[in-house]
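# A closer look at the structure
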Amino acid sequence: MDGLPPGITAANLSQDDIPEGFSAADPTGDGGSGPGMSKSQQQDAKIAAVLDQCMTPEARQRLTRIKLVKPDKAAAVEKLIASMAMQGKLPGKVNEGKLIEMLEGLGAQMSKQSASKITINRKKYAFDSDDDDDNDDDLM
């Protein structure tokens, strides 16, 4: 027995037969990872599967567009959402508004980390116009 009710085989089990909130599992148990997939590709596939289940299509599309422009920020949000989903900290699906809030929060954290002060040191010349004794009173 492979865990299916009598009379139902994996071949005739369609996506419509799966209850809402569940996903179809690979009967081989290897998660769809073939022998040609590396560990990073397997990890990416797992994260993509989790994101597909816990995000609305609109939020997923927005995240895809953000990934084109800022891949590091999109990767950070993907990891955050995936870890929250795996820990059970997501109350429901992440919609577009919640995704925007997460992006703004990460943007603030990233700007604090990368905030650096820029100082400009200019060369001092002997006949600089910014001298202290250059008040033009001697011309009148």
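Presented here is an overview of the structure given in this document. (Residues numbered from 1 in each chain as written. Predicted model: local features only at pLDDT ≥ 70, side-chain atom pairs only at ≥ 80, totals over all residues. Heavy atoms only, no water.)

### Focus on the nonpolar core
In globular proteins that are soluble, nonpolar side chains generally tend to be buried together. Formed by 19 residues in total, the largest nonpolar core has its most connected members in Met55, Leu63, Val77, Ile81, Leu90 and Leu99. Elements represented by at least two residues in this core include exactly helix 1 (39-54), helix 2 (57-69), helix 3 (71-87) and helix 4 (96-114). Here this core takes five residues from helix 3, the largest share from any one element. If we ignore the near neighbours within four places in the chain, the residues touching Val77 are Leu63, Leu99, Leu103 and Leu106. (Core = buried A, V, L, I, M, F, W, Y, C linked by side-chain atoms within 4.5 Å. Buried < 20%, exposed > 50% of the residue type's maximum accessible area, 1.4 Å probe, protein only. Helix = DSSP H or I, 4+ residues; strand = E, 2+ residues; numbered from the N terminus. Contact = heavy atoms within 4.5 Å.)

### Observations concerning helix 1
Given a rise of 1.5 Å per residue, 16 residues ought to cover 22 Å, and the 23 Å separating the end C-alpha atoms of helix 1 matches this to within 8%. Buried residues of helix 1: Ile47, Val50, Leu51 and Cys54, and no others. Down the axis of helix 1, the buried side of the element spans an arc of 100°, and every buried residue falls inside it. Tucked inside the fold, the buried residues of helix 1 contact helix 2 and helix 3. (Expected span 1.5 Å × (residues − 1). Arc of directions from axis to C-beta.)

### A look at the pattern of salt bridges
Scanning the entire structure with this criterion turns up three salt bridges. One salt bridge connects Asp52 with Arg60, and the closest N-O pair in it is separated by 2.9 Å. Asp52 sits in the partly exposed class, given a relative accessible area of 48%. Glu78 serves as the salt-bridge partner of Lys67, at 2.8 Å between the closest nitrogen and oxygen. In this pair, Lys67 sits in helix 2 while Glu78 sits in helix 3, placing the two residues eleven residues apart along the sequence. Judged by its relative accessible area of 38%, Lys67 is partly exposed. (Salt bridge = Lys/Arg side-chain N within 4 Å of Asp/Glu carboxyl O.)

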